[in-house]
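Observations on the model geometry
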Amino acid sequence: MAVRGPLAGLDERWGRALAGRGPAPLAELGADLGNVAVAVPVLAAAAAYAAWRGRRRPALYALAAMALVPALVVPLKALLDRPGPLTQATGYYPSGHTATALVAYCGAALLVHRRALLPVAAVLTAATGAGLVLRGYHWPLDVAGSLLLFGAGGLAVSSSGRRRSSGRTPRR
């Protein structure tokens, strides 16, 4: 859809219009938040904290989710072979930096058991995506594809771990 579909032309027009906009240092900082060297240590620290607090299984799941990022993104990039903005190089869809940011920051927030940190994780992920588009590193749909792919997966995993109550269970 993003490579040759009906949204590709619109996506490329928006991407060209947005590339180079905004304060460059701030956009670059946002883009850098999705680097493995920045995001993965945040998740690793949260996983170590969770394991220390006796939550080894959730820590392991979060680290496994991070390992799935390149395992899913790299083959998709090779399969779809989408050219990037401002370059003839290919392999830009979906955005690995956006997926890394989403998994690392949201995973870290959940591991430290602070749902209040989820908005911070969302802002960091949004800053990553915005920075990537504003710097011309990715098309907007590259970012959206990663958010949909890994966001949907995260929702599925988080909802599968919840206990479900039947209608016959007495409420407190």
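Position numbers for residues count from 1 along each chain, tracking the sequence in the order it is written. Restriction of local features to residues with pLDDT of at least 70 applies here, the model being predicted, together with a cutoff of 80 or more for giving and counting side-chain atom pairs; totals for whole chains, interfaces and linings are based on all residues. Each side-chain value is derived from all of the structure's non-hydrogen atoms; neither hydrogens nor water enter the calculation.

With respect to the packing of helix H2 (residues 24-32) against helix H6 (residues 118-134)
- Here an angle of 0 to 180 degrees is reported between the N-to-C directions of two axes, which are lines fitted to C-alpha atoms, with helices fitted over the stretch in contact. Think of it this way: any DSSP run of H or I at least four residues long counts as a helix, any run of E at least two long counts as a strand, and we number them from the N terminus. Two elements in contact, H2 and H6, have axes whose closest approach is 7 Å; the angle formed by their N-to-C orientations is 125°. Relative to H6, the element H2 lies oblique. When you trace H2 past H6, the crossing you get is left-handed. Residues Ala27, Gly30 and Ala31 of H2 form the contact with H6, whose own contacting residues are Ala127, Thr128, Gly131, Leu132 and Leu134. Here the word oblique covers every angle except those under 35 degrees (roughly parallel), over 145 (roughly antiparallel) and from 65 to 115 (roughly perpendicular). Take the far helix as your reference; a near helix turned counterclockwise from it by less than a right angle gives a left-handed crossing, and one turned clockwise gives a right-handed crossing. Residues are treated as being in contact if the distance between any of their heavy atoms lies within 4.5 Å.

Re the nonpolar core
- The criterion is simple. A nonpolar core is a set of buried Ala, Val, Leu, Ile, Met, Phe, Trp, Tyr and Cys residues joined through side-chain atoms within 4.5 Å. Categorising residues by exposure relies on relative accessible area from a 1.4 Å probe, with only protein chains included: less than 20% of the type maximum marks a residue as buried, more than 50% marks it as exposed, and the intermediate range marks it as partly exposed. Formed by 23 residues in total, the largest nonpolar core has its most connected members in Leu43, Met66, Val69, Tyr105, Leu111 and Phe150.
- Elements with a minimum of two residues in this core: helix H3 (36-52), helix H4 (56-80) and helix H5 (96-111).
- For this core, the element with the highest residue contribution is H5, accounting for 10 residues.
- Beyond its immediate chain neighbours, meaning those up to four positions away, phenylalanine 150 contacts Leu68, Val69, Leu72, Val73, Ala99, Leu102 and Val103.

Looking at unusual backbone geometry
- Its identity as a non-glycine residue notwithstanding, aspartate 81 has a phi of 55°, on the positive side.
- Its location among the elements puts aspartate 81 in the loop between H4 and H5.
- Residue aspartate 81 is classed as partly exposed on the basis of its relative accessible area, which comes to 39%.

Considerations on H3
- Multiplying 1.5 Å by the helix residue count minus one yields the expected span of that helix. Taking 1.5 Å per residue, 17 residues should reach 24 Å; H3 reaches 23 Å between its end C-alpha atoms and fits that length.
- Among the residues of H3, those classed as buried are Ala39, Leu43, Ala46, Ala47 and Ala50. Buried residues of H3, seen end-on, are gathered within an arc of 105° and therefore sit on one face of the element. Seen from the buried face of H3, the exposed residues on the opposite side, beyond 90 degrees, are Ala37 and Trp52.
- In this structure, the buried side of H3 is in contact with H4 and H5. Read the arc as the range of directions from the helix axis to the C-beta atoms.

Section: H4
- In a regular helix each residue adds 1.5 Å, so 25 residues correspond to 36 Å; H4 covers 36 Å between its end C-alpha atoms and thus fits that length.
- One or two positions beyond H4, positive phi appears at aspartate 81, with a value near 55°.

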